[in-house]
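An overview of the molecular structure
Listed below are the residues making up each chain.
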Amino acid sequence: MPTHHLPLYLSILSPNSDLPFPKQTSILHFILPFPQMADRVHPAAASDHSHPLPESVKPPISDDKPLLPQGTYVIQIPKDQIYRIPPPENSHKIKKLANRKPRRSCCCRCLCWTIATVLILIILLAIATGILYLVFRPEKLKYSIDNISIGGVNLTSSAPIFPRITVDIRAENPNDKLSMYYNGKGSSVNVYYADVNLCNGVLPTLQQHTNNVTIIKTALRGSNIVLARDDHSRLVSQQGKRNVPLRLKVKAPLKIKIGAVKTWEITVTVKCNVAVDQLTQKSKIVSKNCDYRVKLW
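To keep things clear, this report deals only with the structure shown in the data block. For every chain, the first residue of its written sequence is number 1, and the numbers climb from 1 along that sequence. Only residues with pLDDT of at least 70 are given local features in this predicted model, and only at 80 or more are side-chain atom pairs given and counted; all residues enter the totals for whole chains, interfaces and linings. Heavy atoms from the whole structure form the basis of all side-chain values; hydrogens and water molecules are not counted.

**Some words on the overall build of the chain**
Applicable threshold: Put simply, DSSP H or I for four residues or longer makes a helix, DSSP E for two residues or longer makes a strand, and each gets a number counted from the N terminus. Under the scheme applied here, a residue whose accessible area is under 20% of the maximum for its type counts as buried, over 50% as exposed, and between as partly exposed, the area being computed with a 1.4 Å probe on protein chains only. We call two residues in contact whenever any of their non-hydrogen atoms come within 4.5 Å of each other. Methods summary: accessible areas were calculated by the Shrake-Rupley approach with a probe of 1.4 Å, and residue burial reflects only the protein chains presented.
Of the regular secondary structure elements, the chain holds three helices and 14 strands. The burial tally for the chain puts 31% of its 297 residues in the buried class. Long-range pairs, those at least 24 residues apart, make up 68% of the contacts in the chain with a sequence separation of at least 6. About 20,800 Å² of surface is accessible on the chain, with carbon and sulfur atoms providing 58% of the total.

Here it is in structure tokens:
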């Protein structure tokens, strides 16, 4: 076998070993099978076996006689000089890896742009809403029941009833710069006793100007309403006590005029609990409590 093809065994000892060298020095053991290299490196004493080679760097064991005599040599190299500079043949690979930029997929970029666009739109909408609020200073609308008259309810028998109820709804607009446009086509008004729908109807189409109180008179009709025995008995008893509870539910689509611009159609739902003294045309309101909510979309 040619001598220039023989293997070279390398071992790097830990700085914490017991060898008498500074800690910042790495110890390289070379097993040199070339006698001619002995003139270039100071060999360790042949009789010094206090620091035998680790098992991982000993030459492979073979039954054959060694081709060439071997020797053990110790070289001291400063630790900070090991692998500081890559070999010339690999330097361009290291530079290429260092300068490589992470790749981002098209989906990731689209997602980032979408999120950024949505955030910008939300911020702009919040700013516009804040400016409109500061300019127009909107105030809450107020709804209540001013009067209610009832006819067509005969409780002397268990026959079906045909209620006719007229309700006066008080709508107050306290805003200085906002007008209301009520659309009667999509509206509804219902009067209930317990879970029984006594009568229903719609609101008229009207315009309510700024700083205005409007009384909306609504005529409601019901036909062939059959009361259960328990409901009939309870209604008779409550009328005798002059306290008949009714529920009124109003659904009113409207548009708000801001300056010269009208908004999209929003829906106001008004719910009122009303108690009257009797079920006649001359009925009077004993108690009332109204609340409403607005659905923007």
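**Side note on the state of the cysteines**
The condition that has to hold: In what follows, a disulfide is any cysteine sulfur pair within 2.5 Å.
Scanning all chains against the criterion turns up one disulfide. Between the sulfur atoms of Cys-272 and its disulfide mate Cys-290 the distance is 2.0 Å. Negative torsions about the S-S bond denote left-handed disulfides, and the value of about 115° found for Cys-272 with Cys-290 makes this one right-handed. Highlighted residues: Cys-272 in strand β13 (residues 266-276) and Cys-290 in strand β14 (residues 285-295), separated in sequence by 18 residues.

**Overview of helix α3 (residues 229-240)**
Just so we agree on the cut-off: Multiplying 1.5 Å by the helix residue count minus one yields the expected span of that helix.
Under the 1.5 Å per step criterion, the end-to-end length of α3 is 17 Å for 12 residues, consistent within 8% with the ideal 16 Å. Taken together, the buried residues of α3 touch β7 (188-193), β8 (196-201) and β11 (244-258). Downstream of α3 by one or two residues, Arg-242 has phi in the positive range, about 60°.

**Observations concerning the side chain of Ser-283**
The condition is simple: Pairs of N or O atoms within 3.5 Å make up the polar contacts considered here, provided that, within protein, one atom can donate a hydrogen while the other can accept it, and that residues adjacent in sequence are counted only when both atoms are side-chain atoms.
By secondary structure assignment, the location of Ser-283 is in the loop between β13 and β14. Of note is the side chain of Ser-283, whose polar atom sits 2.8 Å from the backbone oxygen of Ile-148. Excluding residues within four positions of it along the chain, Ser-283 makes contact with Asn-147, Ile-148, Ser-149, Ile-150, Val-276, Asp-277 and Gln-278.

**A word on the nonpolar core**
Here is the rule: We call a set of buried residues a nonpolar core when its members are Ala, Val, Leu, Ile, Met, Phe, Trp, Tyr or Cys and they connect through side-chain atoms within 4.5 Å of each other.
With 43 residues, the main nonpolar core has Tyr-182 and Leu-246 as its most contacted residues. Broken down by secondary-structure element, the contributors of at least two residues to this core are β4 (142-151), β5 (164-173), β6 (178-182), β7, β8, β10 (212-221), β11 and β13. With seven residues, the single largest contributor to this core is β11.

**Overview of the environment of Gln-238**
Within the fold, Gln-238 resides in helix α3. A relative accessible area of 17% places Gln-238 in the buried class. Here the alpha-carbon distance between Gln-238 and Val-276, two residues 38 residues apart in the chain, equals 9.8 Å. Here Gln-238 is in contact with Tyr-193, Asn-243, Val-244 and Pro-245, once residues within four sequence places are set aside.

**Comments concerning the pairing of β4**
The side chains of a regular strand alternate between both faces of the sheet. Which entries qualify depends on this criterion: Here, a strand pair is defined by DSSP locating no fewer than two bridges between the strands.
Judged by how many residues are buried, β4 sits mostly within the fold: seven of 10 residues are covered. Both β4 and β5 contribute to a ladder of nine bridges, which runs antiparallel. Paired with Ile-148 across the strands is Val-167, a residue of β5.

**Brief notes about the packing of aromatic side chains**
To keep it simple, the criterion reads: Each aromatic pair joins two rings of Phe, Tyr and Trp (for Trp, the six-membered one) with centres within 6.5 Å, and gets the label stacked for planes under 30 degrees apart, edge-to-face for over 60, and tilted for any other angle.
For the coordinates displayed, the defined rule picks out two aromatic pairs. Centre to centre, the rings of Tyr-143 and Tyr-292 are 5.4 Å apart; their planes meet at 75°, and the pair counts as edge-to-face. Of this pair, Tyr-143 sits in strand β4 while Tyr-292 sits in strand β14, and the two are 149 residues apart along the sequence. The exposure class assigned to Tyr-143 is buried, which follows from its relative accessible area of 11%. Centroid distance Trp-264 to Trp-297: 5.3 Å. Interplanar angle 5°. Geometry classified as stacked. Of this pair, Trp-264 sits in the loop between β12 (261-262) and β13 while Trp-297 sits in the segment after β14, placing them 33 residues apart in sequence. Trp-264 gets classed as partly exposed once you look at its relative accessible area, which sits at 47%.

**A few points about the pattern of salt bridges**
For clarity, the threshold we go by: What makes a salt bridge here is a side-chain nitrogen of Lys or Arg within 4 Å of a carboxyl oxygen of Asp or Glu, nothing more.
With the rule as written, the count across this model stands at four salt bridges. Between Lys-217 and Asp-168 there is a salt bridge, with the nearest N and O atoms lying 2.8 Å from each other. Placement of Lys-217 in strand β10 and of Asp-168 in strand β5 is noted, with a sequence separation of 49 residues between them. Judged by relative accessible area, Asp-168 falls into the buried class, the value being 10%. Its salt-bridge partner being Asp-277, residue Arg-242 comes within 3.1 Å of it at the nearest N-O pair. Note that Arg-242 is positioned in the loop between α3 and β11 and Asp-277 in the loop between β13 and β14, a separation of 35 residues in sequence.

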